[in-house]
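A look at the structure
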Amino acid sequence: MSHPLNPIRSEAELAAVTLALGAAEAGGPLSTAEIALAKAAAEQLVDPRMVEDVRCSIMAGADPLGDAFSALRSPEVRRENGATYTPAPIVRTMVDWAESTRIPCRVVDPGVGSARFLSFAGAKFPEAELIGIDVDPLAALMARANLAVSGCGARARIILGDYRRFKEQVDGSTLYIGNPPYVRHHQITAPWKEWLAAEAAKLKLTASKLAGLHVYFFLATASSAKPKDFGAFITASEWLDVNYGALVRSLMLGRLGGKSVTVIEPTAQPFPDAAATAAITTFEIGAKPTSVYFRRVEDLASLDELGKGRRVHRDRLASEGRWSHLTRSSEKPPEGYVELGELCRVHRGTVTGANGVWIAGAHSVGLPDAVLFPTITRAREVLEADGLLSDSRRLRRVINLPADLDELDSPTRQAVEKFLKVAKAMGANTGYVARNRKAWWAVGLRAAAPIISTYMARRPPGFIINKADARHINIAHGLYPREHLGEAVQNKLVAFLQTNISQKSGRTYAGGLTKFEPREMERLIVPGPALLAAGATL
Ligand SMILES: C[S@@+](CC[C@H](N)C(=O)[O-])C[C@H]1O[C@@H](n2cnc3c(N)ncnc32)[C@H](O)[C@@H]1O
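Once a new chain begins, its residue numbering starts again from 1 and follows that chain's sequence as written. Given that the model is predicted, a residue must reach a pLDDT of at least 70 before its local features are reported, and side-chain atom pairs must reach 80 or more before they are shown or counted; all residues, however, enter totals for whole chains, interfaces and linings.

In this section: the sheet that holds strand β12 (residues 372–376). Any two strands with at least two DSSP-identified bridges between them are counted as paired. The secondary structure listing takes helices from DSSP runs of H or I that are at least 4 residues long and strands from runs of E that are at least 2 residues long, numbered from the N terminus. Taken in spatial order, the three strands of this open sheet run β14-β12-β18, and their pairing is mixed. Among the strands making up the open sheet, the edge pair consists of β14 (396–399) and β18 (471–472). Examined bridge by bridge, β12 and β14 share four bridges and lie antiparallel to one another. Residue pairing for β14: T375 is matched across the bridge by R396.

As a further point, take the pairing of strand β2 (residues 129–134). To sort residues by exposure, count the other C-beta atoms lying within 10 Å of each residue's C-beta; 20 or more gives buried, 12 or fewer gives exposed, and values between give partly exposed, all with C-beta atoms placed from the backbone. Of all six residues in β2, five are buried, a share of seventy percent or more. Relative to β2, strand β1 (residues 106–110) runs parallel, the two sharing five bridges. Bridge pairing in β2 links V107 to L130. Here a crossover is taken to be right-handed if, once the strands point away from the viewer, the path from the first strand over the helix to the second is traced clockwise. Read as a crossover between parallel neighbours, the route from β1 over helix α7 (residues 116–124) to β2 is right-handed. Bridge count between β2 and strand β3 (residues 156–160): five bridges; the pairing is parallel.

Here we come to unusual backbone geometry. The phi dihedral of A115 falls on the positive side, at around 70°, and the residue is not glycine. Relative to the helices and strands, A115 resides in the loop between β1 and α7. Positive phi, close to 55°, is recorded for D386, a residue that is not glycine. Residue classification places D386 among the exposed residues on the basis of 10 C-beta atoms within 10 Å.

The nine strands are arranged β3-β2-β1-β4-β5-β7-β6-β8-β9 in an open sheet whose pairing can be described as mixed. On the outer flanks of this sheet lie β3 and β9 (310–313), each paired with one strand and no other. Recorded for the sheet is a direction-independent mean angle of 20° between the axes of neighbouring strands. The sheet contact formed by strand β6 (residues 258–264) and strand β8 (residues 291–297) spans five bridges and is parallel. The partner of I264 across the bridge, within β8, is V297. On top of the sheet, helix α8 (residues 137–149) reaches β2 and β3; it is set at about 175° to β3, its chief contact. Only the stretch in contact is used when fitting a helix axis, every axis being a line fitted to C-alpha atoms; angles between N-to-C directions are given from 0 to 180 degrees. Contact between two residues is assigned when their C-beta atoms, built from the backbone, lie within 7 Å.

Once that is clear, we can look at the packing of helix α6 (residues 88–101) against α7. One way to put it is that α6 packs onto α7 with a least axis distance of 10 Å and a crossing angle of 40°. As judged from the angle between their axes, α6 and α7 are oblique. Relative to α7, α6 is oriented so that their crossing is right-handed. Here V91, R92, V95, A98 and E99 of α6 lie close against α7, whose contacting residues are R116, F117, F120, A121 and K124. Considered class by class, the residues forming the contact of α6 with α7 number six nonpolar, no polar and four charged. The cut-offs work like this: below 35 degrees is roughly parallel, past 145 is roughly antiparallel, 65 to 115 is roughly perpendicular, and the gaps in between are oblique. Crossings are classed by handedness, with left-handed meaning an anticlockwise turn of the near helix from the far one by less than a right angle and right-handed meaning a clockwise turn. Any residue that is not Ala, Val, Leu, Ile, Met, Phe, Trp, Tyr, Cys, Pro, Asp, Glu, Lys or Arg is counted as polar, Gly included; the first ten are nonpolar and the last four charged.

To decide nearness, the C-beta atom of each residue is placed from the backbone, and the residue is near a molecule or strand if that atom lies within 6 Å of it. In the vicinity of the ligand, 23 residues are found, and the nearest of them are Y85, T86, G111, G113 and N179. Elements represented by at least two residues in the shell around the ligand include exactly α7 and β2. For the shell around the ligand, the class distribution of residues is nine nonpolar, eight polar and six charged.

Now for the domain arrangement of the protein chain. In terms of domains, the protein chain is made up of domain 1 (84–334) and domain 2 (348–534). Here the C-alpha centroids of domain 1 and domain 2 sit 42 Å apart. For each domain, the first and last residues come from an automatic or database assignment.

The subject of this paragraph is the packing of helix α10 (residues 213–224) against helix α11 (residues 246–253). In the contact formed by α10 and α11, the axes pass within 9 Å of each other and the chain directions differ by 30°. Regarding the angle of α10 to α11, the classification is roughly parallel. The chirality of how α10 crosses α11 is left-handed. Between α10, through V215, F218, L219 and A222, and α11, the contact on the second element is made entirely by L247, V248 and L251. Per-class residue counts for the contact of α10 with α11 are seven nonpolar, no polar and no charged.

A word on the nonpolar core. In a soluble, globular protein the nonpolar side chains are often hidden away together inside. In this description, a nonpolar core means buried residues of the types Ala, Val, Leu, Ile, Met, Phe, Trp, Tyr and Cys, linked to one another by C-beta atoms lying within 7 Å. Formed by 98 residues in total, the largest nonpolar core has its most connected members in M94, V107, L118, A121, I177 and L219. Per-element tally for this core: the top contributor is α8, with 10 residues. Apart from residues no more than four positions distant in its own chain, L219 is found in contact with L196, E199, A200, L247 and L251.

What follows is the structure, encoded as structure tokens:
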């Protein structure tokens, strides 16, 4: 939208206004491309009163140059460089977060545009060097003009170039802050795709060729930043869920030191000309927080602060292929309570593909105990145990063979070979599940879960402490503590789950059947370890 006092009618005139505002004297020497723009602009006559209006407007905190640019250059053309400038409330919130985190000695804005971030950060951090990088010479001139008017021109450096090549480091802390361009992979050239793969490989990570440009910016930042550097980027939120975003998710849990993710709904128009969902990511290089904050806001008025919301344990993030649902927190747990997923990973039990074959019976007589594992194979074995399974003798046993049969001693091997003939005759090698296993005979039971639960019934799920080291198949879920939970705490957790979880917490189907997927179960609210240890909740 054009500023009311700002009748700038062409890009050449815009360049001329930037120069009249002092662009050539701010942010270091002009690049060749900027000089060329300046020469062309020299032919433009600009009204000094208009220049003064623009100057006043900048000093009042607006960005009439960036607004004029966004109005003059069509969204289609701007899209080629991902040039969508950031609304002021978002810039303010991100810079405020930075200020509450650390005072940097340098601020770097990757894809500086008209320097919305850099100008605001310049005011907050009066000692910091300000570096803005952009591939667009007109953006570079606007950035210089804005910095000149806000009095930051002398400590700013505007670099016309590709952010992916920026590697300068300084001794003190650098703040990386901005809105990396959103450009789809189709527009990214093959050599840059190779660069992405090679840079990711240096960090022992893999990259997808389908990654958008913002992923490159995350990687470039993670690769060249050093401990105590920190940052906040606003990007499209896609990387939270799509396959190509796995690289950013790994960086967040690794070198980048992700601290928080705040998702902004399209209703809040985080990107003025696209109905896209945005994610603001904050990070501190080298930090390895045990949990990352996730939050979702529907309007910019709610975007008061970053680094708030629901805490999600890093191990849980590592095991989740999608992250955006984590921002859709139900209500905030009461003080001292956490989501079950913070304490335990919940895993579905093993799918045998043919219980008739793999649960031991008359057809498997002769198999030695070494390959037979007492296993929960019916929900009622959990429900009837009433919270504690201390004896596995009444459980059926699952035949759990290694993929490499050479691991077996020879009498066992002989018995197994004999059984496998029977299993084959029963068609055990032809089913979908068997064909997709490393070896069709290796069911691959998971390790015994310290806590086992049912997940589908016409009643609330049942939970047991698994003192019997029983395994479980896919009629049950296994709960594996992420960190050590003492025996007393585990007992109290199970007692709580047994008595406090209602059918309402899961998904109810016709006929009253309630089902808890592992991720749904991880969202159950339970007392945290301190409350459990104190026994106050039972
Ligand atoms: C989303 S805009 C953000 C502009 C500004 N930081 C803001 O938030 O208002 C992205 C900017 O990145 C620039 N850009 C695109 N590709 C780039 C690259 N490879 N290196 C540096 N800047 C780039 C675009 O020209 C555009 O100005």
